Amino acid sequence: MPSDADIPCNWEVATARTGTAIEMVRAYALAAGHGPLPGGARPLRPANYLVIDEWTAADENGIRTSLPFPMEIS
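No experiment lies behind these values; they were computed from the predicted model shown. (Residues numbered from 1 in each chain as written. Predicted model: local features only at pLDDT ≥ 70, side-chain atom pairs only at ≥ 80, totals over all residues. Heavy atoms only, no water.)

A. Just the nonpolar core, in detail. Counting residues in hydrophobic clusters, the biggest one holds 5 residues: Val 25, Ala 27, Trp 55, Ile 63 and Met 71. Aside from chain neighbours lying at most four places away, what touches Ile 63 is Val 25, Trp 55, Met 71, Glu 72 and Ile 73. (Core = buried A, V, L, I, M, F, W, Y, C linked by side-chain atoms within 4.5 Å. Buried < 20%, exposed > 50% of the residue type's maximum accessible area, 1.4 Å probe, protein only. Contact = heavy atoms within 4.5 Å.)

Below, the structure is given as structure tokens:
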């Protein structure tokens, strides 16, 4: 997921293939810079979003997070 808007955090919600249920929720945070790369390789973009948390329909405790703000969804 490339970063063009520099939004510090965002969410992705995937619905189940059948019905209207939520299958998975992922939280992403903007990461600037990059780690070590092989010789001659360089990133196409200066920043990318990294998955920082993930919940599925099987999570009995629901969604609980403090980023980007405190949230609890059972």
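So that's the structure; there's more coming.
B. Here's a closer look at the sheet that holds strand S2 (residues 22-32). Pairing is antiparallel across the open sheet formed by 3 strands, whose spatial order is S1-S2-S3. Both outer strands of the open sheet, strand S1 (9-15) and strand S3 (47-56), are each paired with one neighbouring strand and no more. Taking the axes of each pair of neighbouring strands and ignoring which way they run, one obtains an average angle of 25° across the sheet. In terms of strand pairing, S2 meets S3 through 9 bridges, oriented antiparallel. Among the inter-strand pairings, Tyr 28 is bridged to a residue of S3, identified as Val 51. (Pairing = 2+ DSSP bridges. Helix = DSSP H or I, 4+ residues; strand = E, 2+ residues; numbered from the N terminus. Axes fitted to C-alpha atoms, helices over the stretch in contact; angles between N-to-C directions.)

C. Focus on the pattern of salt bridges. For the coordinates displayed, the defined rule picks out 3 salt bridges. Linking Glu 54 and Arg 26 is a salt bridge whose minimum nitrogen-to-oxygen distance equals 2.5 Å. Remark: Arg 26 occurs in strand S2 and Glu 54 occurs in strand S3; sequence separation between them is 28 residues. On the accessibility criterion, Arg 26 (25% relative accessible area) is partly exposed. When the shortest N-O distance is used, the salt bridge between Arg 64 and Glu 72 registers 3.6 Å. (Salt bridge = Lys/Arg side-chain N within 4 Å of Asp/Glu carboxyl O.)

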